[in-house]
Amino acid sequence: MKFEPRRYSAVLLAADRSLTARQLLMALDCERSGIKPVTPIGEWSVGAGTVRVRANYSRSSRAVADDDGLYPHRVFVADATIDGRPYHLVASPYVRFLAKCLKRLDDSRPMPLIYFKPSMSDVFSHFETTRPTRLAATRISVLMEGDVGLEIVSLSGRNPLRSDLRHALLGVASPYAIRVKGTFIEKRPVNIHADRHGNIWCHLGSEEALINMAAFASVMIRNGHLAPTSSSPLLRLPGEDSDL
Amino acid sequence: MHLVDAASTELVDATARVSAVYPLANEADAPLPSSGYLVFLFPRSAQTVLSKLTRHVGEGIAVFASHGLASVILVVTGGPDSETDADGAERTRIDDLLDLVDGDLCAAEIWPFEGETVLETQTTVRHWSPASAPATFEDVEASDLPYEVRTEVEQFNLNFQYFWARAYKYCDEYEDLAAWLQETVSDIARTVAAYARADTDPASLDNPQQHYGLVSLLVEINACLTMLNSQAVGVTPPLTQSSFPVGEYSLLGIGSAARAAWRIYRHMSDIFANAQHLDRLHAMRHGAPFDSGVVPYRFNPASWESSPLSIETQPPGADPSPPRRHIVYFSSRWGFHQTIQSVSLSWQCINGNAATDWNLLTLSHEFLHSHLRELLDELLLVQDDAELAALVEAYNSGEPTTWSIAAKQFLLQRLRWIDHGLQLIAARDTAEQNGQSHVEIVRSAPMTAEEAHHLLRDRLRFLEEVIVHVMDYIYFYDADDELFVSSLWHSWALVPNVQPKIDEYVLRTLLALASTWRSHDETQAFDDASARLDSCLASILDAGDHGLVGLARSVLDEGETNVSGSGRTDLRTRFGMAFPLVRWTKQFLISSELHAKLAHDELRVAGERAYPIDPWEFPDSRIESPTGFLLDRFRRMTRAYENDRLESDSLWQLLVLI
């Protein structure tokens, strides 16, 4: 099927011998015959497949349901070995679908899936102190813990991490999420979002734009900003209420 | 020894010992197998061990949880199924299971059984070394102390040895309590040794009252420590040789419930100690006054905002004092209660903390009383006539010269107004009975020592309650009206003394809610707070009948409509007299940084469900803010009679915290 621009949600997983990219794509209900490698992006090799689900939230009018009322969509698993450790970046347009499939996969294994979640303090510190390159923080969200009536406060701008307002909040708020502008391909920049639970998401205009998400993951891995967890980042989602 | 697998914890015969255990998965509800092993695990962290074992339920292994220090129990079906490993050593399935949680255990006790009989000669206990060498404590020297002190200190030494010998093995998070107890009793012993010897007759002392005050502190420490010895460390391996003297927990005890209570208390205690509010308040004492003072008998809260000094703005010292601890235990006699040395929780919380009526977060209220007492002691503590005279002189001195004198004047003036309000109401009642329409109370402008003594003795409690309610509402309930009101009024429903003084309880709630009102207009503050309280009380009543809440609502309605100001429930008048105290607390004693530290938890999620875990799920990392977690749980609680998994959910709430 042809790629449709959509918002994609992703999680980062530890790879092991019992968890290959192909197995992951099959766990995401991709048809075996439809699993194909796509053009590698940087140090990440990428596999893609097509899954069919009942819902279609795409803004595109080109999406067409099959005879069973299912809509096809592309899912990706990118692989990289960084500093000697293998990783999978798993991306799907439907976050509930992703959560459901990964939960099912986790339940079927003797050992839990290992996800990675960022230390958002470290990520903030990284983007505050490094020169903007092709990844630059353009919005930060902090969880207000010492101010009644407020929960999340977001600051956006050229560099919100260096703003006086952000520093005034240090004692009463904790880093929660970040939006990073990625400019790895010569089209529109891609806004990559990540929260401290390990959820990553962005609007992908093309398959190639996945490089921005992968490059952001590489930065977090290389700089030691990630911690392993067996609690799925997708736990944050409210209860399953979809038939995806 | 025989095993009896029963649906309830009722004693099957007089010699039986019982404890309820709860399966991690519903399918583990099956009866005991015909033969196998009971493996009692004593975890360092129940949450970690249960998180790791969750996926091993099934395949002949059932996992249960209990309130005891042995909080995890494995039922392994069949024989040992041993095999030989690469080194030639024989290994069993139990070895494999223990390996999974190796490093997370203090001890494991293994009971093989056949039919209903435990093969007692084959039971084994394994211990794992503590992560670090245990602290060592010397006995407190008592030999040359007067009899009434010596006996208490000697009793303490024995109680303490019993406590620490077990706590360091099975719950070493009590180490700082142990250090604090040892230091406190040593201090008392040294104090007594400075003025008395073994043959001193207490009647001959200069100040026998002070002497017996010290004795009473020792008596209380011993009483509470024996309670803790029983509850926290009373049941340790071998289980066959120890028991807990409360029938329904007599087999395994309630050690893990006690550990959870300690974890909640310790979180509060550590955060408050690190914030150094007492030190900050002490450092502020010579600073500029925040107001021009009692002349002409009115403070000006609008001017306080320009005051540069407050607990928040005063920088902390370089060397924080260690936390001042309390002994924390469950009590069916005291319920939620605090004293100088202890904080107790309602016994019913062990089995019912997942219901609104027995919310563990109520502990915050008791904790705040002890925190506030330290702060008020800094400003108002009077130990003799000379100190009382100095306090009165500060009040009568006119324009204050320091922050501390302004605070003393303000607090004494608030006490005076609180007293005035109560006297006015009493005088109105009398006048009404006598058919009079006018009441006047005249008070001399300078305060006398007698009046100050009366205010500190009889009215300080109400002032404390107002400040504690404001702190509780902001720090622990995130100024969430519905949760705060629901928690307060569900817990008060179970206290017999509330109904006769219900107007006072309504007033306290109103004043707490008014702490988020930004303007200084007390009339508007009252209108706003009463509308919000009425809405919250109506929500509780919508969920079901609640006698006390219905009564509170009628008191509130009466107070609202009775604007002319007569009658015992004239809430407006009393609210107006106490409202400046709320403003003062908010301006000078509340710290948003401390609030943030209490709530901080990387597990916390933005949105309605702050902790996205349900009963019997265990995250793979520690809950950093037990109070934040409990608040989130309270949001999702139901009344006790509406929750048919109350006991099970309550146990989970305890174990997930330790």
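Residues numbered from 1 in each chain as written. Chains lettered and ligands numbered in written order. Predicted model: local features only at pLDDT ≥ 70, side-chain atom pairs only at ≥ 80, totals over all residues.

## What about the overall build of chain A?
Part 1 of the argument: The secondary structure content of chain A amounts to five helices and 12 strands.
Part 2 of the argument: Here the C-alpha atoms of chain A give a radius of gyration of 18 Å, agreeing with the 18 Å that 2.2 N^0.38 yields for 244 residues.
Part 3 of the argument: In terms of overall dimensions, chain A has a C-alpha envelope of 55 × 40 × 40 Å along the principal axes.
Part 4 of the argument: Contacts in chain A between residues at least 24 apart in sequence constitute 67% of all its contacts with a sequence separation of at least 6. (Helix = DSSP H or I, 4+ residues; strand = E, 2+ residues; numbered from the N terminus. Rg over C-alpha atoms; globule rule 2.2 N^0.38 Å. Contact = placed C-beta atoms within 7 Å.)

## Let's talk about the overall build of chain B
Part 1 of the argument: Within chain B, the secondary structure is distributed over 21 helices and 12 strands.
Part 2 of the argument: Its C-alpha radius of gyration of 28 Å places chain B within 12% of the 26 Å reference for a compact globule of 658 residues.
Part 3 of the argument: When burial is assessed residue by residue, chain B has 45% of its 658 residues classed as buried.
Part 4 of the argument: Taking contacts inside chain B between residues at least 6 apart in sequence as the whole, the part at least 24 apart equals 73%. (Buried ≥ 20, exposed ≤ 12 C-beta atoms within 10 Å, placed from the backbone.)

## Here we look at the sheet that holds strand β10 (residues 327-331) of chain B
Residue and element names in this part refer to chain B.
Part 1 of the argument: If you trace the three strands from one edge of the open sheet to the other, you get β10-β12-β11, paired in mixed fashion. The sheet terminates laterally at β10 and β11 (337-338), the two strands that pair on one side only.
Part 2 of the argument: Against the sheet, helix α5 (residues 208-233) engages β10 and β12 (342-346), with an angle of about 70° to β10.
Part 3 of the argument: The strands that helix α6 (residues 255-275) touches are β10 and β12; relative to β10, the one it contacts most, it runs at about 130°. (Pairing = 2+ DSSP bridges. Axes fitted to C-alpha atoms, helices over the stretch in contact; angles between N-to-C directions.)

## Here we look at the packing of helix α10 (residues 385-396) of chain B against helix α11 (residues 403-433) of chain B
All names here are of chain B.
Part 1 of the argument: Contact geometry of α10 with α11 gives a least axis separation of 8 Å together with a crossing angle of 90°. For the element pair α10 / α11, the angle class is roughly perpendicular. Two secondary-structure elements touch here, α10 through Leu391, Ala394 and Tyr395 and α11 through Ile405, Lys408, Gln409 and Leu412.
Part 2 of the argument: For the contact of α10 with α11, the per-class residue count stands at five nonpolar, one polar and one charged. (Parallel < 35°, antiparallel > 145°, perpendicular 65-115°, else oblique. Nonpolar A, V, L, I, M, F, W, Y, C, P; charged D, E, K, R; others polar.)

## Here's the deal with the nonpolar core
Part 1 of the argument: The biggest cluster of nonpolar side chains holds 257 residues, and the ones touching the most others in it are Leu89 and Met213 of chain A together with Leu511 of chain B.
Part 2 of the argument: With residues near it in sequence (within four places) discarded, leucine 511 of chain B still touches Val466, His469, Val470, Phe575, Ala578, Phe579 and Val582 of chain B. (Core = buried A, V, L, I, M, F, W, Y, C linked by C-beta atoms within 7 Å.)

## As for the confidence of the model for chain A
Part 1 of the argument: With 92% of its residues at a pLDDT of 70 or more, chain A shows a mean pLDDT of 88.
Part 2 of the argument: Segment residues 239-244 of chain A: pLDDT under 50, and 12 contacts once partners within four positions in sequence are set aside and those in other chains are kept. (pLDDT = per-residue confidence, 0-100.)

## Some points on the pairing of β12 of chain B
Residue and element names in this part refer to chain B.
Part 1 of the argument: Across the five residues of β12, five count as buried, placing the element largely inside the fold.
Part 2 of the argument: Looking at chain direction, β10 and β12 are connected through five bridges and run parallel. Note that in β12 the partner of tyrosine 329 across the bridge is serine 344.
Part 3 of the argument: Taken together, the two bridges between β11 and β12 define a ladder with antiparallel strand orientation. By the bridge assignment, histidine 337 is partnered in β12 with serine 344.
Part 4 of the argument: Linking β11 to β12, which pair antiparallel, is a turn of three residues.

## Concerning the interface of chain B and chain A
Part 1 of the argument: Listed by partner, the interface residues are 19 residues for chain B and 21 residues for chain A.
Part 2 of the argument: Per-element accounting of the side of chain B that touches chain A gives the leading share, five residues, to helix α19 (residues 592-599) of chain B.
Part 3 of the argument: Of the residues in the side of chain B that touches chain A, the class split is eight nonpolar, five polar and six charged.

## Side note on the confidence of the model for chain B
Part 1 of the argument: For chain B, mean pLDDT is 89; residues scoring 70 or higher make up 93% of the total.
Part 2 of the argument: The low-confidence segment residues 563-569 of chain B (pLDDT under 50) makes 14 contacts with residues lying over four places distant or belonging to another chain.

## With respect to unusual backbone geometry
Part 1 of the argument: A cis amide bond links proline 237 of chain B with the next residue in sequence, proline 238 of chain B, at an omega value of 0°.
Part 2 of the argument: Counting through the fold element by element, proline 238 of chain B comes out in the loop between α5 and α6.
Part 3 of the argument: Here the phi dihedral of aspartate 29 of chain A falls at roughly 70°; this positive angle occurs in a residue that is not glycine.
Part 4 of the argument: Relative to the elements of secondary structure, aspartate 29 of chain A occurs in the loop between α1 (21-27) and β2 (36-41).
Part 5 of the argument: Classification of aspartate 29 of chain A by C-beta neighbours within 10 Å gives partly exposed; the count is 17.
Part 6 of the argument: Look at aspartate 83 of chain A: it is not a glycine, yet its phi comes out positive at around 50°.
Part 7 of the argument: Its place among the elements puts aspartate 83 of chain A in the loop between β4 (71-82) and β5 (85-92).

## A look at helix α3 (residues 147-170) of chain B
One full turn of an α-helix is made of 3.6 residues, so residues set three or four places apart face in the same direction.
All names here are of chain B.
Part 1 of the argument: With 24 residues, α3 extends 35 Å between its outermost C-alpha atoms, agreeing within 8% with the 34 Å of an ideal straight helix rising 1.5 Å per residue.
Part 2 of the argument: Within the sequence span of α3, burial applies to Val149, Glu152, Val153, Phe156, Phe160, Phe163, Trp164, Arg166, Ala167, Tyr168, Lys169 and Tyr170.
Part 3 of the argument: Where the residues of α3 are buried, they touch β2 (35-43), β7 (105-114), α4 (175-193) and α5. (Expected span 1.5 Å × (residues − 1).)

## Let's talk about helix α18 (residues 571-589) of chain B
Residue and element names in this part refer to chain B.
Part 1 of the argument: Taking 1.5 Å per residue as the helical rise, α18 with its 19 residues ought to reach 27 Å, and the 25 Å between its terminal C-alpha atoms agrees with that figure.
Part 2 of the argument: At methionine 577, α18 shows its maximal bend, which comes to roughly 35°, and the proline proline 580 appears one to four places after that position.
Part 3 of the argument: Counting buried positions along α18 gives 16 out of 19 residues, so the element sits mostly inside the fold. (Bend = angle between axes of the 7 residues up to and from the residue.)

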